[in-house]
Amino acid sequence: MPSYTVTVATGSQWFAGTDDYIYLSLVGSAGCSEKHLLDKPFYNDFERGAVDSYDVTVDEELGEIQLVKIEKRKYWLHDDWYLKYITLKTPHGDYIEFPCYRWITGDGEVVLRDGCAKLARDDQIHILKQHRRKELETRQKQYRWMEWNPGFPLSIDAKCHKDLPRDIQFDSEKGVDFVLNYSKAMENLFINRFMHMFQSSWNDFADFEKIFVKISNTISERVMNHWQEDPMFGYQFLNGCNPVLIQRCTELPKKLPVTTEMVECSLERQLSLEQEVQQGNIFVVDFELLDGIDANKTDPCTLQFLAAPICLLYKNLANKIVPIAIQLNQIPGDENPIFLPSDAKYDWLLAKIWVRSSDFHVHQTITHLLRTHLVSEVFGIAMYRQLPAVHPIFKLLVAHVRFTIAINTKAREQLICECGLFDKANATGGGGHVQMVQRAMKDLTYASLCFPEAIKARGMESKEDIPYYFYRDDGLLVWEAVRTFTAEVVDIYYESDQVVAEDPELQDFVKDVYVYGMRGRKASGFPKSLKSREQLSEYLTVVIFTASAQHAAVNFGQYDWCSWIPNAPPTMRAPPPTAKGVVTIEQIVDSLPDRGRSCWHLGAVWALSQFQENELFLGMYPEEHFIEKPVKEAMARFRKNLEAIVSLIAERNKNKKLPYYYLSPDRIPNSVAI
């Protein structure tokens, strides 16, 4: 009688093991086996992290094994089980791998195919076609689209984390409880004594040090010491945590009526302002998006305010970017003066603080939330709905959407919901953040997610003209490494452009992203279909880069750049100044966040800047969804390319007072999960 050796690997995460009964059936080309109970006497089967082997004897020859069916039945209480993979040794000595990497819950079952990636056209056998179809039908019932707010990209239909399919939940929900994590962060930072002191102002700038954790030789300490200086202000637009807004100015904005006479003490080349513009030395950051956004009114005891500044910057002879003019609202007029470096010290300082506060709002809500979190969730939902586990693109992308839908669901549950944590400290809380996302959708285009194109669109591509833009330099290196890797994987499975165009599951995935994620907006430029291998490679690069590198660049520097409150105020408690010569240090301190809001802000940026426990970084694929040698070799080359980038960045950062490391691949998590 034929005998098979079945090896079963249980996950190593918390609660992965089970005491339930596990049954296995084999489906072959010549017949099906009976259901076999996998159980060894006097042995605790399927413990967390265990790899167990069993001999399964069948009555007759089964032929080529096509499917393995696993069933779980209750022993005492329902006990979820995380199955990593099954390996089958056939009577002929062949080994077949069946990747799973899924939870089996309740009296559940899972039917697995061997690990060879297959396009729909590769499946000619009816039972395999049927398995493929059933898997997608089941997933489409589990992963449903929902509109969380009008005009937003659609998200997962789940009110809270526990409503999500078990496969995409966090291993431990406690680990991503925002309320718990923010409170814990405040405790760790020894600032919890201030956390309830709303409406209580600080006495002066030095007073903020009471909640500032001084860690020597860090970026945050350098920010604290130099935040008032113009070069530090300008540097943050290049390499801070929101390095995506600055653009080369090709024509002075009509709504900013600045003249050469006003700024001539800042210009170093004996040229007029217009000539400096023509030479490419003038840059602009425009916060027009904030114009008319409602400020937070959730606390009747504290008035909160927003502005919509325009900031003009100049590349001086030392190639440093420095501010030369700031107008705090969009429409010029007597009560909206243009502030200049030549103005009184506190006039200029308060104008810069308003710009930094505005930058914080756009960073949190648009650069971070919309353009990494929500976009990655769209890719993730579409992937689960339209690509079966055997599809090579599913195998490629699944690591890059790990926990993304879960973290976003938790954010909608606790953070950005009505009366959520976002309302506690942010001037855009209470609905302003929703208005911002709705407005920003018009600028969310496919081209703007293609890193090289986005850099060019802002006129920031020249390394010679703008030598200290490390976000650009490192981002291009990582983008190219990802693009090379995706192109290699695409070439393995798609031998021609025609195969891409005729892959129905791939086309449904792309269409789902366009129709539901981008709400069918033609102006978004998102493709409705893909026609070539090159297009597919670029599309996959966008998905992976957005989830990994782009998110890392705008997320993990938050404590560095935003922990010194005056450098990134989450709210302002007085309106922008309408005249010059009247600002005092007392007014500035009274405008800045009170003690309570400062503490919640600090807890937030600390918690958001931490890596997950057991973080998986770019190039790490511990779940072996792919079993084919050519793909494993492509992954090895990808890792080698990334290691070379790590070395380059480390060499450049040597002896730098302000090192830039957010896009070093060893610091880029695979997915948006925090």
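Report on the accompanying structure. Fair warning: this is a prediction, and the values are worked out from it, not measured in the lab. (Residues numbered from 1 in each chain as written. Predicted model: local features only at pLDDT ≥ 70, side-chain atom pairs only at ≥ 80, totals over all residues. Heavy atoms only, no water.)

As a further point, take the layout of surface pockets. Estimates place the volume of the second largest pocket at around 940 Å³. Only strand S13 (282–286), helix H7 (345–386), helix H11 (432–440), helix H12 (446–449), helix H13 (451–457) and helix H17 (533–555) provide two or more residues apiece to the lining of the second largest pocket. With five residues, the top contributor of residues to the lining of the second largest pocket is H13. (1 Å grid on protein atoms, 1.4 Å probe; cavity = no way out; pocket = protein on both sides within 12 Å on 5 of 7 lines; lining within 4 Å. Points joined across faces, edges and corners; volume = space filled by probe spheres on them. Helix = DSSP H or I, 4+ residues; strand = E, 2+ residues; numbered from the N terminus.)

Now for the nonpolar core. Among the nonpolar cores identified, the biggest contains 160 residues, and Ile 246, Tyr 494, Phe 509 and Trp 561 are the most heavily contacted of them. Excluding anything up to four places from it in sequence, Ile 246 contacts Phe 237, Leu 238, Phe 283, Val 284, Val 285, Leu 313, Ile 321, Arg 458, Met 460 and Tyr 469. In this structure, Ile 22, Phe 46, Val 68 and Trp 81 belong to the second largest nonpolar core, which totals 25 residues. (Core = buried A, V, L, I, M, F, W, Y, C linked by side-chain atoms within 4.5 Å. Buried < 20%, exposed > 50% of the residue type's maximum accessible area, 1.4 Å probe, protein only. Contact = heavy atoms within 4.5 Å.)

Right, let's get into the pattern of salt bridges. As enumerated under the stated definition, the model contains 37 salt bridges in all. The shortest N-O distance in the salt bridge between Asp 167 and Arg 102 comes to 3.8 Å. Separated by 65 residues along the polypeptide, Asp 167 in the loop between strand S11 (155–156) and helix H2 (178–188) and Arg 102 in strand S8 (residues 95–104) bring together distant segments of the chain. The exposure class of Asp 167 is partly exposed, given its relative accessible area of 31%. Where Glu 488 meets Arg 637, a salt bridge forms, and the shortest distance between an N and an O atom there is 2.8 Å. Residue Glu 488 is found in helix H14 (residues 470–493), and its partner Arg 637 is found in helix H21 (residues 629–653); the two are separated by 149 residues along the sequence. The partly exposed category is assigned to Arg 637, whose relative accessible area is 40%. (Salt bridge = Lys/Arg side-chain N within 4 Å of Asp/Glu carboxyl O.)

A separate point is the sheet that holds strand S5 (residues 51–57). The sheet built from four strands is open, its strands ordered S5-S1-S7-S8 with antiparallel pairing. In this open sheet, the two strands that pair with only one neighbour each are S5 and S8. Put simply, the sheet's adjacent strands are angled 20° from each other on average, direction ignored. Two strands pair when backbone bridges link them, and strand S1 (residues 3–10) and strand S7 (residues 81–89) are joined in this way by six bridges, in the antiparallel orientation. Residue pairing across strands places Thr 7 opposite Thr 87, the latter belonging to S7. (Pairing = 2+ DSSP bridges. Axes fitted to C-alpha atoms, helices over the stretch in contact; angles between N-to-C directions.)

A few words on the sheet that holds S13. Taken in spatial order, the five strands line up as S12-S13-S14-S15-S16 in an open sheet, and their pairing is antiparallel. With one partner strand each, in any of the chains shown, strand S12 (247–248) and strand S16 (338–339) form the two edges of the open sheet. The strands touched by helix H4 (residues 230–239) are S13, strand S14 (310–315) and strand S15 (321–327); relative to S15, the strand with the most contacts, the crossing angle is about 95°. H7 rests against S14, S15 and S16 of the sheet, and its axis sits at about 95° to S15.

A full pass over the atoms with the stated rule returns 29 aromatic pairs. Summarising the aromatic geometry, the rings of Phe 485 and Tyr 621 are spaced 6.1 Å apart at their centres and angled 35° between planes, so their arrangement reads as tilted. Of this pair, Phe 485 sits in helix H14 while Tyr 621 sits in the loop between helix H20 (595–608) and H21, placing them 136 residues apart in sequence. Per residue, the accessibility class of Phe 485 equals that of Tyr 621, and both read buried. Taken together, the ring pairs connect Phe 379, Tyr 446, Phe 509, Phe 526 and Tyr 539 into an aromatic cluster. The ring centre of Tyr 23 lies 5.1 Å from the NZ or CZ of Lys 35, which sits over that ring. Stacked on the ring of Tyr 43, the Lys or Arg Lys 40 has its end atom at 4.5 Å from the ring centre. (Phe/Tyr/Trp six-rings, centres within 6.5 Å; stacked < 30°, edge-to-face > 60°. Lys NZ or Arg CZ within 6 Å of the ring centre and 35° of its normal.)

In this section: unusual backbone geometry. Of note in the backbone geometry, Phe 46 takes a positive phi value of approximately 55° without being a glycine. The topology assignment puts Phe 46 in the loop between strand S4 (36–37) and S5. Judged by relative accessible area, which is 2%, Phe 46 ranks as buried. With a phi close to 55°, Tyr 101 is a non-glycine residue in the positive phi region. Here Tyr 101 is to be found in strand S8. Exposure remark for Tyr 101: the relative accessible area of 11% places this residue in the buried category.

With that settled, consider the state of the cysteines. Under the defined criterion, the tally for this structure stands at zero disulfides. Cysteine Cys 301 shares no disulfide, and the gap to the nearest cysteine sulfur, in Cys 419, comes to 15 Å. The exposure class assigned to Cys 301 is exposed, which follows from its relative accessible area of 58%. On the basis of relative accessible area, Cys 419 is assigned to the exposed category, the value being 69%. (Disulfide = S-S within 2.5 Å.)

Across the eight residues of S1, six count as buried, placing the element largely inside the fold. In terms of strand pairing, S1 meets S5 through seven bridges, oriented antiparallel. Note on S5: the bridge partner recorded for Val 6 is Tyr 54.

Moving on to the packing of H4 against H7. Closest axis-to-axis distance for the H4/H7 pair is 12 Å, and the angle between their directions is 15°. Classified by the interaxial angle, the pair formed by H4 and H7 is roughly parallel. As H4 packs across H7, the resulting crossing turns out to be left-handed. Note on element contacts: H7 touches H4 through Trp 348, Lys 352, Val 355, Arg 356 and Asp 359, opposite Asp 230, Phe 233, Gln 236 and Phe 237. By residue class, the composition of the contact of H4 with H7 is four nonpolar, one polar and four charged. (Parallel < 35°, antiparallel > 145°, perpendicular 65-115°, else oblique. Left-handed = near helix turned anticlockwise from the far one by under 90°. Nonpolar A, V, L, I, M, F, W, Y, C, P; charged D, E, K, R; others polar.)

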